[in-house]
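# Remarks on the overall topology
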Amino acid sequence: WKSTGSNTDLSKLGSTFKYVASMAGTLGFSMEDLALASGLLANAGVKAQKAGTGLRAMLNHMSSNQKAKAAMEELGLSLYDETGAARSLRDVMTDLRAAFAGLTEEERTQTAYLLAGTSGMNAVLAIAGATEDAFTSLASAIDASSGLATRTASKMIDNLQGDLTLLDSALGTTKILLAGTAETIGRGAVRKLTELLQQFNALG
């Protein structure tokens with residue numbers, strides 16, 4: 001995003017969602033929070049498939065890997081609340097950022113590896129390393145998007161069996177590759193997704 005000297009487009013954003021959407025959907029994460037995580041990675045130069053696979057690996061490790069769980073316990077992090085329900089991704093990212101604030105560079109790298117493995121440590125480091133201004137600016141832009149994420153989530157996540165979906169965006173016609181049979185995202189959802197990206201690009 002331009003506010004932090006980095007750019008992305010709908011095609012790259014869609015590619016990120018393609019690789020992480022199933023895991024995010026299983027955990028019940030909102031589209032807003034997934035867009036925030038994707039944006040933080042894009043600002044760190046991690047985009048498209050690389051961002052999606054990184055986020056997926058991070059979430060897989062944090063939810064099932066025993067070493068990751070031990071590291072999270074030591075840092076006071078948890079994906080789940082006291083009832084066993086998944087917490088919001090934004091809350092998890094906020095706690096992760098706070099936990100990493102007091103670590104040295106060496107400790108950050110080692111801890112990121114423990115939390116997410118080789119494939120996901122880039123996602124952890126990008127989220128933890130984003131400035132507070134970058135985090136809050138991007139979060140505010142997403143929150144101001146008039147409920148785009150809620151209305152679009154079922155289109156982007158529940159239609160993973162779709163194949164090619166065309167997005168006619170402000171940045172030109174882009175294509176998002178989804179797994180399975182071809183289904184078209186509704187024009188209303190496309191326009192709302194476009195509005196969100198335009199708000200991101202207008203920051204700064």
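As shown above, the structure is provided for reference.
Residues numbered from 1 in each chain as written. Predicted model: local features only at pLDDT ≥ 70, side-chain atom pairs only at ≥ 80, totals over all residues. Heavy atoms only, no water.

A tally of regular secondary structure across the protein chain gives nine helices and two strands. Every one of the 204 residues in the protein chain was classed for burial, and the buried ones make up 47%. Sequence separation of 24 or more characterises 67% of the internal contacts of the protein chain that already satisfy a separation of 6 or more. Summed over all atoms, the accessible surface of the protein chain reaches about 9500 Å², with 49% contributed by carbon and sulfur. (Helix = DSSP H or I, 4+ residues; strand = E, 2+ residues; numbered from the N terminus. Buried < 20%, exposed > 50% of the residue type's maximum accessible area, 1.4 Å probe, protein only. Contact = heavy atoms within 4.5 Å. Areas by Shrake-Rupley, 256 points an atom, 1.4 Å probe, with all protein chains shown as cover.)

Below, the discussion takes up the side chain of R90. Note on placement: R90 falls in helix 5 (residues 89–101). The class for R90 is buried, based on a relative accessible area of 17%. Beyond its immediate chain neighbours, meaning those up to four positions away, R90 contacts E32, D33, L36, F135, A139, I142 and D143.

Its identity as a non-glycine residue notwithstanding, A48 has a phi of 50°, on the positive side. By secondary structure assignment, the location of A48 is in helix 3 (residues 48–64).

Moving on, we get to helix 4 (residues 66–75). Among the residues making up helix 4, those that are buried are A68, A71 and M72. Looking straight down helix 4, one finds its buried side chains confined to an arc of 100°; they lie on one side. Turned more than 90 degrees from where helix 4 packs its buried face, Q66, K67, E73 and E74 sit exposed. In this structure N65 caps helix 4, since a side-chain oxygen of it lies 2.9 Å from the backbone nitrogen of K67. One or two positions beyond helix 4, positive phi appears at G76, with a value near 80°. (Arc of directions from axis to C-beta. Polar contact = N/O pair within 3.5 Å; in protein donor to acceptor, adjacent residues only side chain to side chain.)

This part is about helix 2 (residues 31–43). With 13 residues, helix 2 extends 18 Å from end C-alpha to end C-alpha; this agrees with the ideal 18 Å at 1.5 Å per step. Burial of helix 2 is extensive: 13 of the 13 residues sit out of reach of the surface. Positive phi shows up at G45, right after helix 2, with a value of about 85°. (Expected span 1.5 Å × (residues − 1).)

When you line up the elements, A126 lands in helix 6 (residues 105–129). We classify A126 as buried; its relative accessible area is 8%. Separated by 81 residues in the primary sequence, A126 and G45 have C-alpha atoms spaced 8.8 Å apart. Discounting residues that sit within four places of it in the chain, A126 has contacts with L40, L41 and A44.

Attention now moves to the pattern of salt bridges. A complete count under the given rule lists four salt bridges for this structure. One salt bridge in this structure joins D33 and R90, with 3.1 Å as the shortest N-O distance. One end of the pair, D33, is in helix 2; the other, R90, is in helix 5, with 57 residues separating them in the sequence. Here D33 and R90 have matching classes, each one buried. Put simply, R90 and D143 hold a salt bridge, and the shortest N to O gap is 3.0 Å. Remark: D143 occurs in helix 7 (residues 132–143) and R90 occurs in helix 5; sequence separation between them is 53 residues. Linked through salt bridges whose partners overlap, the residues forming this network are D33, R90 and D143. (Salt bridge = Lys/Arg side-chain N within 4 Å of Asp/Glu carboxyl O.)

Now for the environment of A128. Residue position: A128 is located in helix 6. Note on A128: relative accessible area 7%, which makes it buried.

For M58, the position within the fold is in helix 3. Considered as a pair, M58 and V20 are 38 residues apart in the sequence and their alpha carbons are 9.9 Å apart. Those residues in contact with M58, other than ones at most four positions away along the chain, are L115, A116, G120, A123, V124 and I127.

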